[in-house]
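# Coordinates in review
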Amino acid sequence: MQLSSDHAGAAPVDTPPLAAQGIEARRAERFTILVRAAKLIIDGREFLCVLRDASSTGIKARLFHDVPSGRAMAVELGNGERHAMELMWQRDGHAGFRFLEEIDVHDLLDDNR
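For clarity, every value in this text was computed on a predicted model and none was experimentally measured. In this numbering scheme, every chain counts its residues from 1 along its sequence in written order. It should be noted that, the model being predicted, local features are given only for residues of pLDDT at least 70 and side-chain atom pairs only at 80 or more, the latter also being counted only at that level, while totals for whole chains, interfaces and linings use all residues. As a rule here, side-chain values cover all heavy atoms of the structure and leave hydrogens and water aside.

### Quick word on the overall build of the chain
The test is simple: Put simply, DSSP H or I for four residues or longer makes a helix, DSSP E for two residues or longer makes a strand, and each gets a number counted from the N terminus. Buried means the residue's accessible area, taken with a 1.4 Å probe over protein chains only, is under 20% of the maximum for its type, while exposed means over 50%, and partly exposed covers the values in between. Whether two residues touch is decided by their heavy atoms; if any such pair falls within 4.5 Å, the residues are in contact. Accessible areas in this description were obtained via Shrake-Rupley with a 1.4 Å probe; residue shielding takes into account the shown protein chains only.
If you tally the helices and strands in the chain, you get one helix and six strands. Ordered by position in the sequence, the α and β elements of the chain form the string β-β-β-β-β-β-α. Counting only residues that meet the buried cut, the chain has 33% of its 113 residues in that class. For the chain, long-range pairs separated by at least 24 residues make up 50% of all intrachain contacts whose partners lie at least 6 apart in sequence. For the chain, the exposed area adds up to about 7,800 Å²; of that, 48% sits on carbon and sulfur atoms.

So this is what it looks like as structure tokens:
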């Protein structure tokens, strides 16, 4: 790194990670969903949740319970469509999930499906 004469002898500044700067580092475009009821299916058990936002790679859900441990997880939409996923994080009544396969997020958002 070459410094101009104004900064001769100055050390490079470490830039904080994107998340610490309040910048999203996700690859996929994210859509905010105000309220979309769905079910979490975890090892055959069903749990009500509300989808808060979604992308082709995952969702953020409002929960009414802690996510129980389990191996097989999916979200089931009102039309019965299911998408397999894995838990990425959980805090303050919300959880983030990553889909095991990318989905068409526009289909997920379409109320007429």
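Now, onward.
### Brief notes about the pairing of strand S3 (residues 58-63)
Within a regular strand, the side chains alternate between the two sheet faces. Applied cut-off: Between any two strands, at least two bridges found by DSSP are needed for them to pair.
Across five bridges, strand S2 (residues 45-54) lies against S3 in antiparallel orientation. In the sheet register, Val-50 faces S3, and the bridge partner there is Arg-62. Between the antiparallel neighbours S2 and S3 lie three residues.

### Some remarks on the nonpolar core
Worth spelling out the cut-off: We call a set of buried Ala, Val, Leu, Ile, Met, Phe, Trp, Tyr and Cys residues a nonpolar core when their side-chain atoms join them within 4.5 Å.
Ranked by size, the top nonpolar core spans 21 residues in total, and within it Leu-40, Leu-51, Ile-59, Met-85 and Phe-97 carry the most contacts. For this core, the elements supplying multiple residues, two or more each, are strand S1 (31-42), S2, S3, strand S4 (73-76), strand S6 (94-99) and helix H1 (105-109).

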